[in-house]
Amino acid sequence: MNPGDAYRILPEIVLTLTGVLVMMLDAALPTGVPRRPLGWVAAFGTVGALWCSVWQLTLPVGTGFYGTVETTPFTIFFHVLICGIVLAALLLALDALPADTHHQGEYYALVVFGAVGMCLLTSAVELLLVFIALEISSIATYVLAGYRKETGRGPEAAIKYFLLGSFATAFLLYGIALIFGATGTTQVYEIAKALSSAPNLPNLPLIVASLALMLVGILFKVSAAPFHVWTPDVYEGAPSPVVALLSTAPKAAAFALLVRILYEAFPTLHQVWTPLLWAVAVLSMTLGNLAALRQQNVKRMLAYSSIAHAGYLLAAFAGLQQDGIAAASFYTAAYAAMNVGIFAVVSVVSGYDDELPLIQDFRGLLYRSPFLGGLLIFFLVSLVGIPFTGGFFGKFYSFSAAVGGGAVWLAVIGLLNSGLAAAYYLRFALAAAQRPDDSAVEVATSAPQVGVAAGAALMFAVVVTLALGIVPNAALKAAQTGAHTLRPLPAAAEVQPVSVATQAHP
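Summary of the structure given here. (Residues numbered from 1 in each chain as written. Predicted model: local features only at pLDDT ≥ 70, side-chain atom pairs only at ≥ 80, totals over all residues. Heavy atoms only, no water.)

This part takes up the nonpolar core. With 175 residues, the main nonpolar core has Y108, F266, L314 and F317 as its most contacted residues. Ranked by the residues each element gives to this core, the list is headed by helix 14 (residues 321–350), at 19 residues. Once you skip the residues sitting within four places of it in the chain, L314 turns out to touch L219, A224, F255, L258, L277, V280 and A281. (Core = buried A, V, L, I, M, F, W, Y, C linked by side-chain atoms within 4.5 Å. Buried < 20%, exposed > 50% of the residue type's maximum accessible area, 1.4 Å probe, protein only. Helix = DSSP H or I, 4+ residues; strand = E, 2+ residues; numbered from the N terminus. Contact = heavy atoms within 4.5 Å.)

Structure (structure tokens):
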């Protein structure tokens, strides 16, 4: 092992040490001492990991630890994104978690340890390490989903998430075993080399089966239909700060893994997995939006919304390699910013115990708290895809990539679904902007209080959402740079039709 290999997992090392430090301090502090400062320790450690991720840009592109992890602009893009999401979730939790009834140190340690698995998942190029990283991330999120132990919905959410997640992980592991049997390796680049060097692919049924099984495990993590059944119940039962993290960071890591599996491990099966993702994208968009239209519970509505957004993102995979990867990466960042923001608003307004769970409970929020009401409407507008927001440019880039790859009908279906989604987003926005009914009994008459940490998380989400919609060049360039540093498709002329390539690159 090269001594310099440690630099290639430096963010993960910093996060691990931060989690260990939080646990040791939590155990050392007396029982009556508040644990809230431990959240600041975790936040500063996450900032350190974020800085280390940016510093990795100075390292040469390459692998470490005998070809199991990789450092490229692609991995660094997702490292920065995941660390940013974790930082915002920690700041939100600092003001949301009750100080007197829960062991806050455990919460902060679990968030940081989960981030270790997510970051490692984006840089792993060895499928066995992918499995280990996925388990590190999943175990932390399973526990966090059931953090509200005093309610029935919390344990129910954790049990459902754990059982279904375990089945999905088993599918992934079985797929890894099959591809090892077919190629004799579990290293991503060696798999691609073995597949491209075999002209007739004698083990093609086994290879296709392994790809299908791995896709089940990955698509489960991103809440894509038909592997989405856990999403509404878990979102409703978990605390809102946990959902802000759960709905963004693990999905970003899973999408990075999906890109690596499809474009780097199985590029020769491009004609197999493209129509499959086409169908999953259409099903996710349509089913998610239709189900969201019927929801009155805010978190369940946003859960089905996340399923639809998974479909919008998957539409980018119908594009050409660099265009599709860059579009998917950018959309992941845009969705993370606006989704963290809206769940931050829901957390501040509804409280840790979700005292205001329904859409009608937010009626008059703009009058009770112009700041929170305005931010809620802003994030809903971004989720719709109105110009000058990150949601608009993310959808535009994703659908443009699909059109450039020849999937015009997929882009049309995506646009129609975006119009359908506007119905329930605007219904929520109108409820917040509607004048309170004096004749009705208002659930909450006082303006919700926004703490310093939660306010910082909200403003961070607002700034990023606006930046990605008004001045997206920096993030777009980073996404494109990451896409171009991935290994190119072998025998690209055989994988992609010539007419599509000519249309996209005149």
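Our next topic: a nonpolar patch on the surface. On the surface, a nonpolar cluster with roughly 660 Å² of combined accessible area is contributed by I159, F162, L163, L164, F167, F171 and V229. Mapped onto the elements, F171 comes out in helix 6 (residues 153–183). Residue F171 is classed as partly exposed on the basis of its relative accessible area, which comes to 37%. (Patch = residues over 30% accessible without salt bridge, like charges linked within 9 Å, V, L, I, M, F, W, Y side chains within 5 Å. Areas by Shrake-Rupley, 256 points an atom, 1.4 Å probe, with all protein chains shown as cover. Salt bridge = Lys/Arg side-chain N within 4 Å of Asp/Glu carboxyl O.)

Let's shift gears to the environment of F44. Within the element layout of this structure, F44 appears in helix 2 (residues 36–55). For the pair formed by F44 and F371, sequence separation is 327 residues and the distance between their alpha carbons is 27 Å.

Orientation of helix 6 relative to helix 8 (residues 204–221), taken along the N-to-C sense of each, is 155°, at an axis distance of 7 Å. Here helix 6 lies roughly antiparallel to helix 8, going by the angle between them. The two elements helix 6 and helix 8 cross, and the hand of that crossing is left-handed. Here the contact of helix 6 with helix 8 is composed, by residue class, of 18 nonpolar, five polar and one charged. (Axes fitted to C-alpha atoms, helices over the stretch in contact; angles between N-to-C directions. Parallel < 35°, antiparallel > 145°, perpendicular 65-115°, else oblique. Left-handed = near helix turned anticlockwise from the far one by under 90°. Nonpolar A, V, L, I, M, F, W, Y, C, P; charged D, E, K, R; others polar.)

Turning our attention to the packing of aromatic side chains. Summed over the entire model, instances satisfying the criterion amount to 24 aromatic pairs. Each ring, one from Y107 and one from Y108, has its centre 5.8 Å from the other, and the planes form 90°; the classification is edge-to-face. A relative accessible area of 2% means that Y107 is categorised as buried. Its relative accessible area of 0% is what places Y108 among the buried residues. Aromatic side chains F362 and F428 sit 5.3 Å apart centroid to centroid with 80° between the ring planes, which places their arrangement in the edge-to-face category. One end of the pair, F362, is in the loop between helix 14 and helix 15 (365–368); the other, F428, is in helix 18 (residues 408–433), and 66 residues separate them in sequence. By relative accessible area, F362 is classed as buried at 0%. Of the residues examined, F428 reaches a relative accessible area of 0% and is grouped as buried. (Phe/Tyr/Trp six-rings, centres within 6.5 Å; stacked < 30°, edge-to-face > 60°.)

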